[in-house]
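Here's the letter readout for the chains.
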Amino acid sequence: MSDTSLTTLPPGASARKRINGIDVFMWALRCAVAAIAIFGAVATLLQGRYSLAQWFDFAMFGLTLGSVYALIALGYTMVYGVLRMINFAHGDITMTGAFAGYFVASGVSRNGLLATHPVLAIVAIFAVAMATCIAVALATERFAYRPFRNSPGQAPLICAIGVSFVLEQTVRGMFGSGVKSYPLTTWHDAVINVAGLRVPVVNLFVMGCAISAMVILYLIVHRTRMGMAMRAVSEDKAAAALMGVDVDRVVVFAFALGGAMAGVASVCYALIYQQVHFFMGFAPGIKAFGAAVLGGIGSIPGAMIGGMFLGLIEAVGPALFLDGLGITAPYQLRDAIGFLVLLMVLIFRPQGLFGEAMAKKRA
Amino acid sequence: MSMRQDDGKTPSLQLRRGLTAGAAAALIAIYLSSVGLIAMMNARPVIANALTLAQMTLLTIVFLAGALSQRPSPQDRTPAFWTAPLAGAVAGLLVAGFAGVILSVNLRPVFIALVPPLARLLTFGQSGVDGTAILVAGSALVASAGAFYQRLPDKVRRLLFPAALSVLLCGMFQEFIQVILQSNALFRWLAPWFYGWDGLTATGALIVFAVALAAAALPLVYRKPAGAGDVSSWRRFVPALFILLLLLLVPIAGGPYIAQVFLLIGLYVLMGMGLNLELGLAGLLDLGFVAFFATGAYITAILTADSPLALAHYTAIPSLSFWLAMPIAVLGAVLMGILFGIPVLGVKGDYLAVATLGLGEIVRIVVQSDAAAPLLGGAQGILQIPKPQVGGFQFGSAVSLFYLTLAAALFAAYCAWRLERSRLGRAWIALREDEDVAQAMGINLVQSKLLAYAFGAAFAGLAGSIFAVMVNSVFPSSFQLLMSINVLALIVVGGLGSLSGVVLGALVLIGLPEALREFGEFRYLFYGLALILTMRLMPEGLLPASRRRRRLVSPIAVGGSTPVARP
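Residues numbered from 1 in each chain as written. Chains lettered and ligands numbered in written order. Predicted model: local features only at pLDDT ≥ 70, side-chain atom pairs only at ≥ 80, totals over all residues. Heavy atoms only, no water.

**Notes on the overall build of chain A**
The helix and strand inventory of chain A stands at 14 helices and four strands. Relative to a compact globule of 363 residues, whose C-alpha radius of gyration would be 21 Å, chain A shows 21 Å and is just as compact. Each principal axis of the C-alpha atoms in chain A carries an extent, and together these give about 65 × 55 × 40 Å. The buried share of chain A, taken over its 363 residues, is 56%. (Helix = DSSP H or I, 4+ residues; strand = E, 2+ residues; numbered from the N terminus. Rg over C-alpha atoms; globule rule 2.2 N^0.38 Å. Buried < 20%, exposed > 50% of the residue type's maximum accessible area, 1.4 Å probe, protein only.)

And the structure:
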């Protein structure tokens, strides 16, 4: 919890004492998950129930979803980097952007702008969604998180859970609890043929948006002074402050950047599922947090790769791992696979796939 | 220093204060209107034909703005009185403007709550230039009243506040109080004094106010000499005893609906005490707590139900009675707790919260899926769970089940109380304060953590078992993550680690939304706000645990300027 406990080893790296029952249990757990995955995959592939084109579809969808997870994960990772707290409400901040985008989209589709000037309309949708997310993220930071900046323990997290509820219920109260369907664009069902494989344009568009947003973010974080300050704060807050970095401004900047990414993610997510709902932010939020941890929390490239990986596992997983084991309706277990990945990462590799130093610092 | 204070009294600072307070009040009113709360509150009268809850809320917001504008701040020790009417006028003007916008622009397609009747409600039926002037003046007056209240001596405020609160409660809950009064010949003659057929009368409100004022004044008259050490120790039990008495008597008097509400409160108290062991004592923030509750409910279901999914149907195990199934359900939940706890033993702090959340969600998704449907019924659940029976008596009614729950909760409270003072309890507290130090002091981390999960799970399993017989069926959709968060909210609001806090938290967070039925859909907004506000304003909760209270008085924490809760 606190940064002082450097002595505690992460559970994976148990260079301590003899093997006890707990270790055996943990190894059994690992082996069981691995065995299910391997047997399931082998069985599925041997049965040959899915064609190559279907696998390609799964993977394509997975990468599309993954790029959205990656965008959301960036918000977690940056805030965690500077504040060492989980912004539990980040998924719901994303949801507010999706609603803002929805109202703009239904507006422009009603008045015909979407048909006549599609680029302008889409830019407007993204801009409004991003602005909304940034505004909500900054308000959250100012009123709910800043008072807890230096308080230890679980107070900030409990407060963040409260914020998450307030955001969901505010949207529900203001805009209603029904599922709203996103207006379709003309190119929504369009498909491009690439070497005999069908690639939906929406998927390409979403991936394109996500990747360009991430590139811009990477440049901001690595090429600007503010980005440098942010990296400095996430290395060592006190030292950065002594070097003249205004920590408050950096925190606000991190929330704003995270909000902007959430705004892009929200529109992309709504484009994929073509609907918005007040509870839509919760599950992707939690999973994206898992993605951020998977990539090593605090690491920006890590969040991107973690998100992609999680999306891929979730899309391919039910078919690949569970179908072969004869489980009925494996798609109902899709979210469970996502959560299982999250859990395995938190338990066995809290430092993530790439991080080592970060994990030690927080352990 | 004195120079700066004089600077603070400049009109510009006072002006800003008034403007900010007014704008904040207006924003809160606009927010409450936009989410639809104000319109809904209007349906509930506080004083019949005179004051609805919505009007009361709006007036309270302005009143508070006036009061808060008078609170001394570091820059400004003695705020000027005129900031209050200014704040009130600004709030009135902004709200009137908002109402004007609602009337002139059709916001309905986006904001579903912003309809013309709301605008009339916000402006108290006033309109036009004159109406706006009346509104602004009235609002300034109310804010001035707030400022006046703020300037009253502390003693007087301590009398007025409970009196006003009593009027509010007697008005809001008039239907229940009327039922209770009517059900008993002893009280029936009282009813006409307070209530008309449509709610609290103005005379009734005055009487309640006066009686509450007198009751609040009593302790001032018969005050024990200050500094008597024993006073605080027995005083701690007074609220607990009072609540217990309330719990014992109200369900009989109040009829089946109130009994049902109290039954639900009892179940949440059970769960709250369980999570309190995990979070309040051992510091393990468990968001997958609902899984234990579900385990208890499902085990009870498959052991006792008269359904094809019951074990008796396809194995040699006979169909058990509730009394045999309940202990097995509790044991099953304990096992679940340990199985749940082992993987996350090494996960700490915030990560633990997310990991347990993931575990709980996995359990729910698996139970809900068709894959597990042959065993657990999938989304259709398990039906036809019989009610418990003793001899010829069946625990069929909510009232009888409530007393069963109460007995279980008392037993659980006794266990929790003993546990807290045991070696294990102290080990948990040490664990919460600093895991590494606790380990260095010889505390077995694995054992004490697993025991925390096991005991927490036992309480939740017991609650789940009773829940299953209460609703006669179990469905996976009853075991959402939201339930874990409900339990978390009630123990945080009540005060982490405090047993009486759990009861109070459950009464406020579970009982209030159930009693105000029409607000059911807003309960999660209420929970979210309760979590944030509790953490910000009173991190120790409504009834702080004694151990924490000691800390508040003499903070041993180093480095922090203000003592903060470290749950």
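What follows picks up the thread again.
**A closer look at the overall build of chain B**
Summing up its helical and strand segments, chain B has 27 helices and six strands in all. Over its C-alpha trace chain B gives a radius of gyration of 27 Å, about what one expects of a compact globule, namely 24 Å for 567 residues. If you line up chain B on its principal axes, its C-alpha atoms span 80 × 60 × 55 Å. Long-range contacts, defined as pairs at least 24 residues apart, comprise 74% of the intrachain contacts of chain B with a sequence gap of at least 6. (Contact = heavy atoms within 4.5 Å.)

**Points about the packing of aromatic side chains**
Going through the model one piece at a time under the given rule, you end up with 30 aromatic pairs over all chains. Ring centres of Y102 of chain A and F103 of chain A lie 5.1 Å apart, and the angle between their planes is 65°; this geometry places the pair in the edge-to-face category. Seen from their ring centres, F293 of chain B and F479 of chain B are 5.6 Å apart, and the 65° between their planes marks the pair as edge-to-face. Placement of the pair is F293 of chain B in helix α15 (residues 290-304) and F479 of chain B in the loop between α23 (445-471) and α24 (481-494), with a sequence separation of 186 residues. F293 of chain B sits in the buried class, given a relative accessible area of 0%. Aromatic ring contacts, followed pair by pair, group F99, Y102, F103, F175 and Y182 of chain A together with F111 of chain B into a single cluster. Lying across the ring of F143 of chain A, R142 of chain A places its NZ or CZ 5.7 Å from the centre. (Phe/Tyr/Trp six-rings, centres within 6.5 Å; stacked < 30°, edge-to-face > 60°. Lys NZ or Arg CZ within 6 Å of the ring centre and 35° of its normal.)

**Overview of unusual backbone geometry**
Trans peptide bonds make up the majority, and among non-glycine residues the majority have a negative phi. In this structure, Q274 of chain A takes a positive phi of about 60° despite not being glycine. The topology assignment puts Q274 of chain A in the loop between α10 (247-273) and β4 (275-276). Positive phi, normally seen in glycine, also occurs at N472 of chain B, with a value near 65°. Within the secondary structure, N472 of chain B sits in the loop between α23 and α24. Residue classification places N472 of chain B among the partly exposed positions, given a relative accessible area of 28%.

**Quick look at the pairing of strand β3 (residues 197-200) of chain A**
Along any regular strand the residues' side chains alternate between the sheet's two faces. All names here are of chain A. Sheet topology note: the strand β2 (residues 191-194)/β3 ladder contains four bridges and is antiparallel. In the sheet register, N193 faces β3, and the bridge partner there is R198. The antiparallel pairing of β2 with β3 creates a hairpin that spans two residues between the two strands, and A195 there sits at a positive phi of about 50°. (Pairing = 2+ DSSP bridges.)

**A few points about the interface of chain B and chain A**
Taken together, the 58 residues of chain B in the interface contact 57 residues of chain A. Summing the contributions of chain B and of chain A, the shared interface buries around 5,100 Å²; its carbon and sulfur component is 76%. Inspection of the region where chain B meets chain A yields one salt bridge. Across the pair R172 of chain A and E521 of chain B runs a salt bridge, and its minimum N-O distance is 3.0 Å. Linking chain B to chain A there are four residue pairs in polar contact (both at pLDDT 80 or more). (Buried area = accessible area lost by both parts, 1.4 Å probe. Salt bridge = Lys/Arg side-chain N within 4 Å of Asp/Glu carboxyl O. Polar contact = N/O pair within 3.5 Å; in protein donor to acceptor, adjacent residues only side chain to side chain.)

**As for the nonpolar core**
Core analysis: the largest hydrophobic core is formed by 285 residues, its most contacted members being L74 and F289 of chain A. When near neighbours in sequence (up to four residues on either side) are disregarded, F289 of chain A contacts Y76, I86, I297, L342 and L346 of chain A together with Y351 and V354 of chain B. (Core = buried A, V, L, I, M, F, W, Y, C linked by side-chain atoms within 4.5 Å.)

**Regarding the pattern of salt bridges**
Residue and element names in this part refer to chain B. Within the structure shown, the criterion is met by 12 salt bridges over all chains. Across the pair R421 and E420 runs a salt bridge whose closest N-O atoms are separated by 3.9 Å. Its relative accessible area of 40% is what places R421 among the partly exposed residues. Classification of E420 by relative accessible area gives buried; the value is 12%.

**Comments concerning the domain arrangement of chain B**
Residues and elements named next belong to chain B. Partitioning chain B into domains gives domain 1 (1-151), domain 2 (154-221) and domain 3 (240-541). Using C-alpha coordinates to define each centre, domain 1 is positioned 41 Å away from domain 3. Across the boundary between the two partners, domain 1 contributes eight residues, which contact eight residues of domain 3. Together domain 1 and domain 3 conceal approximately 690 Å² of surface at their shared face, both sides included; 72% is due to carbon and sulfur atoms. Area buried by domain 1 at its contact with domain 3 is led by L37, M40 and R44, which between them contribute 68% of it. Counting the contacts that link domain 1 with domain 3 gives zero salt bridges. At the surface where domain 1 touches domain 3, the tally comes to zero residue pairs in polar contact (both at pLDDT 80 or more). (Domains from an automatic or database assignment.)

**Here's the deal with the environment of E168 of chain A**
All names here are of chain A. Of note, E168 is situated in helix α6 (residues 155-175). Taking the C-alpha atoms as reference, E168 lies 8.3 Å from T96; in sequence the two are 72 residues apart. Leaving out residues up to four positions away in the same chain, E168 has contacts with D92, M95, F278, F279 and F282.

**Some points on a nonpolar patch on the surface**
Residues and elements named next belong to chain B. On the surface, L529, L533, L537, M538 and L542 cluster together into a nonpolar patch covering about 440 Å² of accessible area. The topology assignment puts M538 in the loop between α26 (523-537) and α27 (546-553). Take M538: its relative accessible area is 33%, and that puts it in the partly exposed class. (Patch = residues over 30% accessible without salt bridge, like charges linked within 9 Å, V, L, I, M, F, W, Y side chains within 5 Å. Areas by Shrake-Rupley, 256 points an atom, 1.4 Å probe, with all protein chains shown as cover.)

**Here's the deal with the side chain of N87 of chain A**
All names here are of chain A. Position of N87 relative to the elements: it lies in the loop between α2 (52-83) and α3 (90-110). A relative accessible area of 2% places N87 in the buried class. Ignoring any residue separated from it by four or fewer positions in sequence, one finds N87 in contact with Y76, V79, I93, Y145 and F255.

**Observations regarding the side chain of K449 of chain B**
Residues and elements named next belong to chain B. As for its placement among the helices and strands, K449 is situated in helix α23. Exposure remark for K449: the relative accessible area of 4% places this residue in the buried category. In this structure the side chain of K449 is engaged in a polar contact, spanning 2.8 Å, whose partner is the backbone oxygen of L345. In contact with K449, not counting residues within four places along its chain, are L284, L345, L431 and E435.

**What about the packing of helix α4 (residues 53-69) of chain B against helix α7 (residues 128-151) of chain B?**
Residue and element names in this part refer to chain B. Packing of α4 against α7 leaves a shortest axis separation of 7 Å and a crossing angle of 55°. When the axes of α4 and α7 are compared, the pair comes out oblique. Note on packing geometry: the crossing formed by α4 with α7 is right-handed. Judged by residue contacts, L59, V62, F63, G66 and A67 of α4 engage S139, V142, A143, A145, G146, A147, Y149 and Q150 from α7. (Axes fitted to C-alpha atoms, helices over the stretch in contact; angles between N-to-C directions. Parallel < 35°, antiparallel > 145°, perpendicular 65-115°, else oblique. Left-handed = near helix turned anticlockwise from the far one by under 90°.)

**Observations concerning the confidence of the model for chain A**
Residue and element names in this part refer to chain A. Looking at chain A, pLDDT values average 82 and 90% of them are 70 or higher. pLDDT under 50 marks residues 1-9. Its contacts with residues more than four places away, or in other chains, come to 17 contacts. Throughout residues 357-363 the model reports pLDDT below 50, and contacts reaching past four residues in sequence, or to other chains, amount to 21 contacts. (pLDDT = per-residue confidence, 0-100.)

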